[in-house]
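Residue-level structural notes
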Amino acid sequence: QKWRPFCLRFEGVVEDFNYGTLLRLDSRREYSEENSIFGGKWGAGGLGGTPNLGLIPLLLSSATRIQFFAIEIARNREGCNDEVFSRSRALPAQEEKSG
C-alpha cells in the first residue's frame, strides 16, 4: 500500500507506468534469475514494501515500471550502481588491449 499512492501520481505522465519490469534485488550484481524479480500490473491489493537501495530484500513481490525508475534513480544518486557500472566499462577496455 505504501507504493500505490506514489505510483498513481504518474498515471498519464509515464507511459505504461504500472506495467511489470525486471528489477535487480542486489544492485552490486548483474541481472540473473536469482537476482531479479518481475512484476505485473497491480491487482486490487496494490504493491507493498519500501526499497532498500543497494539490496532489496523480498519486500517487493513485484516491480512496476515507475518503481523501477524510482529505485534505479535513487540507486544512482547513492552510488549503489557504481560497482556494476565500473565492471561493465572495464570489459571493453580489456577487449581492446587483448584485440
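This is a predicted model, so every value here is computed, not measured.

Any two side chains of opposite charge can pair, given that their charged atoms come close. Tallied over the entire structure, the rule returns four salt bridges. Arg 24 is paired through a salt bridge with Glu 72; the nearest N and O atoms lie 3.3 Å apart. Here Arg 24 is found in strand E1 (residues 22-24), whereas its partner Glu 72 is found in helix H2 (residues 65-78), with 48 residues between them in sequence. According to the relative accessible area criterion, Glu 72 is buried, its value standing at 11%. Linking Arg 28 and Asp 26 is a salt bridge whose minimum nitrogen-to-oxygen distance equals 2.9 Å. For Arg 28, a relative accessible area of 43% gives the class partly exposed. We classify Asp 26 as buried; its relative accessible area is 7%. Overlapping salt bridges bring together Arg 24, Glu 72 and Arg 75 as one network.

Quick look at the nonpolar core now. Formed by Trp 3, Cys 7, Phe 10, Val 14, Phe 17, Leu 23, Leu 25, Ile 37, Ala 63, Ile 66 and Ile 71, the largest nonpolar core amounts to eleven residues. Other than its neighbours up to four places away in sequence, Val 14 contacts Arg 65, Ile 66 and Phe 69.

What follows covers the confidence of the model for the protein. On average, residues of the protein score 74 in pLDDT, and 70% of them are at 70 or above. Segment residues 40-53 is flagged for pLDDT under 50; beyond a separation of four residues in sequence, or across chains, it makes 44 contacts in the model.

Moving on to H2. Along its 14 residues, H2 runs 20 Å from first to last C-alpha, staying within 8% of the 20 Å computed at 1.5 Å per residue. Looking at H2, one finds that the buried residues are Ile 66, Gln 67, Ile 71, Glu 72 and Arg 75. Contact partners of the buried residues in H2: helix H1 (3-8) and E1. In the segment just after H2, Gly 79 is the residue with positive phi, at about 80 degrees.

What counts, and at which threshold
- One numbering rule holds for all chains: residues counted from 1, following each sequence as written.
- Only residues with pLDDT of 70 or above have their local features reported here, since the model is predicted, and side-chain atom pairs are shown and tallied only from 80 upward, although totals for entire chains, interfaces and linings are computed over all residues.
- Side-chain measures here rest on the full set of heavy atoms in the structure, leaving out hydrogens and waters.
- A side-chain nitrogen of Lys or Arg and a carboxyl oxygen of Asp or Glu constitute a salt bridge if their distance falls within 4 Å.
- Comment: elements are numbered from the N terminus, with helices defined as DSSP H or I runs of at least four residues and strands as E runs of at least two.
- Relative accessibility under 20% of the residue-type maximum defines a buried residue, over 50% an exposed one, and the middle range a partly exposed one, all with a 1.4 Å probe and only protein chains included.
- In this text, buried Ala, Val, Leu, Ile, Met, Phe, Trp, Tyr and Cys residues form a nonpolar core when linked through side-chain atoms within 4.5 Å.
- Residues count as neighbours in contact if any of their non-hydrogen atoms are within 4.5 Å of one another.
- Every residue is assigned a pLDDT by the predictor, reflecting its confidence on a scale from 0 to 100.
- By this rule, a helix spans an expected 1.5 Å times one less than how many residues it contains.

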